[in-house]
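Remarks on the overall topology
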Amino acid sequence: MEWVSLILNILFGGGLFISLVTLKSVKKEAGSKAEKAAAEARADEIKNVESAIKIWRGIAEDMSAKYNDMSDKCEALSKSVENLTTEVNRLRITNNRIIRLLDKITPENLEHVVAEIKNELSKD
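Read on for an overview of the structure. (Residues numbered from 1 in each chain as written. Predicted model: local features only at pLDDT ≥ 70, side-chain atom pairs only at ≥ 80, totals over all residues. Heavy atoms only, no water.)

The number of helices and strands found in the protein is two helices and zero strands. Counting across all 124 residues of the protein, residues that qualify as buried make up 5%. Surface accessibility of the protein: about 11,200 Å² in total, with carbon and sulfur atoms responsible for 64%. (Helix = DSSP H or I, 4+ residues; strand = E, 2+ residues; numbered from the N terminus. Buried < 20%, exposed > 50% of the residue type's maximum accessible area, 1.4 Å probe, protein only. Areas by Shrake-Rupley, 256 points an atom, 1.4 Å probe, with all protein chains shown as cover.)

Let us look at a nonpolar patch on the surface. Together, Ile 55, Trp 56, Ile 59 and Met 63 line one region of the surface with nonpolar side chains, adding up to about 470 Å² of accessible area. Turning to its location among the elements, Ile 55 is positioned in helix α1 (residues 2-103). (Patch = residues over 30% accessible without salt bridge, like charges linked within 9 Å, V, L, I, M, F, W, Y side chains within 5 Å. Salt bridge = Lys/Arg side-chain N within 4 Å of Asp/Glu carboxyl O.)

Within the structure shown, the criterion is met by five salt bridges. Between Glu 29 and Lys 33 there is a salt bridge, and its shortest N-O distance comes to 3.4 Å. Of this pair, Glu 29 and Lys 33 both sit in helix α1, four residues apart, roughly one helical turn. A salt bridge links Lys 73 to Asp 69; the shortest N-O distance between them is 3.4 Å. One end of the pair, Lys 73, and the other, Asp 69, are both in helix α1, four residues apart, so they sit about a helical turn from each other.

Laid out in structure tokens, this is it:
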């Protein structure tokens, strides 16, 4: 009976030893798989960040080009407005002179004032 007990202890004890060794290797393998998955997740995260940076850089460059274009257009528009303001002021002064001359018209000096108005219009 002792021999049977000894044989059974060796068999079951050996199975426990093998199970422990197997468990240890499974645990090590699971740990390495987890580390690999974490590394892949970090790599994917870095790729996503790089993609986002590329998108934002493209948007910034596009906005910069649009800003420069609008700045040039605004400058040209400002010059045009300045030129138009100058022209309007010149025409307003001319109109005021003509109005003063028209106020001076009488039947006796009609031809003389008309000549002055024509002269005033030809100046500008």
